[in-house]
Number of protein chains: 2
Amino acid sequence: MSDQVEWAVHCCTVLATLGDDQALPAARLAEFHGVPPAYLAKALQSLTAAGVTESRPGPQGGYRLARPPAEVSLLDVVLAVDGEETAFQCSEIRQRGPAAADPDSSSYRRPCGIARAMWKAEDAWRAELAAVSVGDIVGELLVSVAPAQLMKGAEWIQSVHVSRRKRP
Amino acid sequence: MSDQVEWAVHCCTVLATLGDDQALPAARLAEFHGVPPAYLAKALQSLTAAGVTESRPGPQGGYRLARPPAEVSLLDVVLAVDGEETAFQCSEIRQRGPAAADPDSSSYRRPCGIARAMWKAEDAWRAELAAVSVGDIVGELLVSVAPAQLMKGAEWIQSVHVSRRKRP
């Protein structure tokens, strides 16, 4: 799993707290999380391509969640950033070597038992990630993080909006 | 997940069919599966380091399973080849940036909620892989692969042993 998955989930958590008329540019999200802007921008573009976030143009523009936080799952974020492919890739090595059958053998009609077991495990992983939303993560933060720290984050985000509105 | 995981599980499946006095060298396992010998050798060394396979010296030597096939899980093989680390790595980015609290803040005592959700999903993945043994994979092969093809594989493996015994 790429580092950007971690960053992307954190970004979605921050974006979940924005007001209806607010958005945050990639550079500010990178600053807030202390991560490299160029790599984060790529992850945010992937999130937007997947319909998890949307990008608003203009001086008050930037990224927002494209859906309510309760409707963005961790799986949505992971697949947007790392791609839809399964971690286990079956290269059909059963069809190679001296014991291989004809390519059209009935033995190859079903996926290999090894691949099926691997993919079943990945389905379980995906089901767990699909069951947790960005809204759940925000809810958990609100009860587990010290109020003073939550305020510090909220104030920084609001200061970004205030300073952007003041621009000529 | 690395390609070698696929190769390693296939190798374990073949090793599960060997008689008590039999072993297969890495080069023969690579030949059987049509995969690059050097990369496969590395995977087999990892399996041996993890106690999944064992390496017997001598002219009749080679790799064997170190335990009965029913006691080698797919999880054992995956972790042996790809390492014990979780796919999701938490870099504690919550402790960076302008909203971070003091490093000894109570907010950081528990792992981040994002990391916990990611690791819970990985636990589900691991549980599925732990529940499937190499013995299960062999059992599934025996009922799903055409008998003629199973025989072809078994004959090739036996021919290796016969040719090795004939060496001066």
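Below or above, wherever it landed, is the structure these notes cover. (Residues numbered from 1 in each chain as written. Chains lettered and ligands numbered in written order. Predicted model: local features only at pLDDT ≥ 70, side-chain atom pairs only at ≥ 80, totals over all residues. Heavy atoms only, no water.)

1. Looking at the overall build of chain A
When you go through chain A residue by residue, the secondary structure sums to seven helices and two strands. In sequence order, chain A lays out its α and β elements as α-α-α-β-β-α-α-α-α. The C-alpha radius of gyration computed for chain A amounts to 21 Å, which surpasses the reference 15 Å derived for 168 residues by more than 25%, pointing to a less compact arrangement than a globule. Considered along the principal axes of its C-alpha atoms, chain A spans approximately 75 × 35 × 25 Å. A burial count over chain A gives 46% of its 168 residues as buried. (Helix = DSSP H or I, 4+ residues; strand = E, 2+ residues; numbered from the N terminus. Rg over C-alpha atoms; globule rule 2.2 N^0.38 Å. Buried < 20%, exposed > 50% of the residue type's maximum accessible area, 1.4 Å probe, protein only.)

2. Some words on the packing of aromatic side chains
All names here are of chain A. Throughout the structure, instances matching the rule amount to four aromatic pairs over all chains. Plain terms: the ring middles of F32 and W156 are 5.3 Å apart, the flat faces sit at 50 degrees to each other, and that makes the pair tilted. With a gap of 124 residues between them, F32 in helix α2 (residues 26–33) and W156 in helix α7 (residues 147–165) connect regions that are remote in the sequence. The class of W156 is buried, set by a relative accessible area of 13%. Here the aromatic rings of F88 and W119 are separated by 6.3 Å at their centres, their planes lie at 70 degrees, and the arrangement is edge-to-face. One end of the pair, F88, is in the loop between α4 (74–82) and α5 (113–130); the other, W119, is in helix α5, with 31 residues separating them in the sequence. (Phe/Tyr/Trp six-rings, centres within 6.5 Å; stacked < 30°, edge-to-face > 60°.)

3. Topic: the nonpolar core
In terms of nonpolar packing, the biggest core is built from 96 residues, with L29(A), L47(A), L29(B) and L47(B) touching the most fellow members. Contact partners of L29(A), with chain neighbours within four places excluded, come to C11(A), V14(A), L15(A), L24(A), L40(A), L44(A) and Y63(A). (Core = buried A, V, L, I, M, F, W, Y, C linked by side-chain atoms within 4.5 Å. Contact = heavy atoms within 4.5 Å.)

4. Things to note about the relation of the copies chain B and chain A
Expressed as a screw operation, the relation of chain B to chain A combines 0.0 Å of axial shift with a rotation of 180 degrees, fitting to an RMSD of 0.0 Å. As the rotation angle and translation indicate, the two copies are arranged about a two-fold axis. Residue W125(B), judged by its C-alpha, is the member of chain B lying nearest the rotation axis, at 2.5 Å. Looking at the interface residues of chain B, 100% of them are also at the interface in chain A, so both copies use one shared face. (Least-squares fit on C-alpha atoms with pLDDT ≥ 70 in both.)

5. Observations concerning the environment of I93(B)
Mapped onto the elements of the fold, I93(B) is located in the loop between α4 (74–82) and α5 (113–130). Distance from I93(B) to C112(B), taken between C-alpha atoms, is 9.4 Å for residues 19 residues apart in sequence. Leaving out residues up to four positions away in the same chain, I93(B) has contacts with E6(A), W7(A), H10(A), H33(A) and V35(A).

6. A short note on the environment of H33(A)
Inspection of the secondary structure assignment puts H33(A) in helix α2. Its relative accessible area of 4% is what places H33(A) among the buried residues. For H33(A), the contacting residues outside a window of four places in its chain are H10(A), C11(A), V14(A), I93(B) and R96(B).

7. A look at helix α1 (residues 3–15) of chain B
All names here are of chain B. Taking 1.5 Å of rise per residue, 13 residues should cover 18 Å, and α1 covers 19 Å from first to last C-alpha, within 8% of that figure. By the criterion of burial, α1 is predominantly enclosed, with 12 of the 13 residues buried. Along α1, the positions that sit buried rather than exposed are Q4, V5, E6, W7, A8, V9, H10, C11, C12, T13, V14 and L15. (Expected span 1.5 Å × (residues − 1).)

8. Re the pairing of strand β1 (residues 53–56) of chain B
The pairing of β1(B) with strand β2 (residues 62–65) of chain B spans four bridges and is antiparallel. Counterpart to T53(B) in the pairing with β2(B) is L65(B). (Pairing = 2+ DSSP bridges.)

9. Quick look at unusual backbone geometry
Unusually for a residue other than glycine, E92(A) sits at a positive phi of about 55 degrees. Examined against the element boundaries, E92(A) turns out to sit in the loop between α4 and α5.

10. Digging into the side chain of R126(A)
Residues and elements named next belong to chain A. Assignment of secondary structure puts R126 in helix α5. Despite its burial, R126 pairs with no opposite charge; the closest candidate is E84, at 4.6 Å N-O. In this structure the side chain of R126 is engaged in a polar contact, spanning 2.9 Å, whose partner is the backbone oxygen of E84. Filtering out sequence-adjacent residues up to four positions away, R126 remains in contact with L75, L79, E84, E85 and T86. (Lys, Arg positive; Asp, Glu negative; His and termini not counted. Salt bridge = Lys/Arg side-chain N within 4 Å of Asp/Glu carboxyl O. Polar contact = N/O pair within 3.5 Å; in protein donor to acceptor, adjacent residues only side chain to side chain.)

11. Re the pattern of salt bridges
Pairing is possible between side chains that carry opposite charge, provided their charged atoms lie close to one another. Taken as a whole and assessed by the stated rule, the structure comprises 15 salt bridges over all chains. For E92(A), the salt bridge identified is with R94(A), shortest N-O distance 2.9 Å. K120(A) is the salt-bridge partner of E128(B), the closest N and O atoms lying 3.0 Å from each other. A residue pair is termed interchain when its members come from two chains, as with E128(B) in helix α5 and K120(A) in helix α5.

12. Observations regarding the state of the cysteines
Residues and elements named next belong to chain A. Evaluated as defined, the whole model comprises zero disulfides over all chains. No disulfide involves C11; its nearest neighbouring cysteine sulfur is the one of C12, lying 7.0 Å away. Taking relative accessible area as the criterion, C11 reaches 1% and is therefore assigned buried. (Disulfide = S-S within 2.5 Å.)

13. Things to note about the interface of chain B and chain A
Counting residues at the interface gives 55 residues for chain B, matched by 55 residues for chain A. Approximately 4300 Å² of surface area, both sides summed, lies buried where chain B meets chain A, with 64% of it carried by carbon and sulfur atoms. Counting across the interface, chain B meets chain A through 17 residue pairs in polar contact (both at pLDDT 80 or more). Taken together, the elements giving at least two residues each to the side of chain B that touches chain A come down to α1, α2 (26–33), α4, α5, α6 (134–144) and α7 (147–166) of chain B. Sorting elements by how many residues they give to the side of chain B that touches chain A places α5(B) first, with 12 residues. (Buried area = accessible area lost by both parts, 1.4 Å probe.)

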